[in-house]
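Letter by letter, the chains look like this.
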Amino acid sequence: MKIIFLDVDGVLNSASWNEIHKKETENGILIDEEKVKLLSKLIKLTGAKIVLHSGWRFWFDENLSPIRKESEILAKILKNNAIEIYDFTPDLTTEEIRKSGKFSLSKPKEILLWLSGHSDISTWVVIDDIVLNDETIQKHQIAPDSKIGLTYTDIENLRKFLE
């Protein structure tokens, strides 16, 4: 099985998109569908499954059902583009990490813990705009520029990882 560990903010949206679409952002529409279409293309080419490792995973229940307006919108946009969330990484954040916003300290451990429980993974990639400080993770990571989000070039590089 091929896995894409997906972050949302800075990947499926961007600082510039958020600025241009302030009204939509204020209404909870925080996803750039053009970025989702790029991700959908990658999934169709590779057959990879999505494991959400974004803070957005807390806006879904244990059955992968959305529990907030924002996650309902995300789930709908993903579904409209033939993308399903396969699973979530576990939560290893501490109160200190949540207060400081230094999620790069817990995300690598969460990904590696998830991988340790899934021996059927043939290849995997991480898409996160934050460079995750772990040598193993960095070998598998594409870090889009958060001002731009996911690009066609990122998709091409990710496809090479997943082939």
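Placed above this text is the structure.
Calculation notes
- Residues numbered from 1 in each chain as written.
- Predicted model: local features only at pLDDT ≥ 70, side-chain atom pairs only at ≥ 80, totals over all residues.
- Heavy atoms only, no water.
- Buried < 20%, exposed > 50% of the residue type's maximum accessible area, 1.4 Å probe, protein only.
- Helix = DSSP H or I, 4+ residues; strand = E, 2+ residues; numbered from the N terminus.
- Arc of directions from axis to C-beta.
- Contact = heavy atoms within 4.5 Å.
- Pairing = 2+ DSSP bridges.
- Axes fitted to C-alpha atoms, helices over the stretch in contact; angles between N-to-C directions.
- Core = buried A, V, L, I, M, F, W, Y, C linked by side-chain atoms within 4.5 Å.
- Parallel < 35°, antiparallel > 145°, perpendicular 65-115°, else oblique.
- Left-handed = near helix turned anticlockwise from the far one by under 90°.
- Nonpolar A, V, L, I, M, F, W, Y, C, P; charged D, E, K, R; others polar.

1. Regarding helix 6 (residues 107-116)
All of the buried residues in helix 6 are Lys 107, Pro 108, Glu 110, Ile 111, Trp 114 and Leu 115. Burial along helix 6 is one-sided: seen end-on, the buried residues are contained in an arc of 165 degrees. Set apart from the buried face of helix 6 by more than 90 degrees, the exposed residues are Lys 109 and Ser 116. Of the surrounding elements, those touching the buried residues of helix 6 are strand 1 (2-6), strand 2 (49-52), strand 3 (85-88), strand 4 (123-127) and helix 7 (135-138).

2. A few points about the sheet that holds strand 2
Strand order across the open sheet formed by 5 strands is 3-2-1-4-5, with parallel pairing between neighbours. The outermost strands of the open sheet, each flanked by one partner alone, are strand 3 and strand 5 (141-142). As paired elements, strand 1 and strand 2 share 4 bridges and run parallel to each other. When the bridges of strand 2 are listed, Ile 3 appears paired with Lys 49. The strands touched by helix 8 (residues 152-162) within the sheet are strand 1, strand 4 and strand 5, with strand 4 carrying the most contacts at an inclination of about 155 degrees.

3. Looking at the nonpolar core
Ranked by size, the top nonpolar core spans 32 residues in total, and within it Ile 4, Leu 12 and Leu 39 carry the most contacts. Mapped by element, the contributors of at least two residues to this core are strand 1, helix 3 (33-46), strand 2, helix 4 (69-80), strand 3, strand 4 and helix 8. When residues of this core are assigned to their parent elements, the largest contribution, 5 residues, is made by helix 3. When near neighbours in sequence (up to four residues on either side) are disregarded, Leu 12 contacts Leu 6, Leu 30, Ile 31, Asp 32, Lys 35, Val 36, Leu 39 and Leu 74.

4. A look at the packing of helix 3 against helix 8
The N-to-C vectors of helix 3 and helix 8 enclose an angle of 20 degrees; their axes lie 10 Å apart at closest approach. Classified by the angle between their axes, helix 3 and helix 8 sit roughly parallel to one another. Here helix 3 runs over helix 8; the crossing is right-handed. Here Leu 38, Leu 39, Lys 41, Leu 42, Leu 45 and Thr 46 of helix 3 lie close against helix 8, whose contacting residues are Tyr 152, Ile 155, Leu 158, Arg 159 and Leu 162. A per-class count over the contact of helix 3 with helix 8 returns 8 nonpolar, 1 polar and 2 charged.

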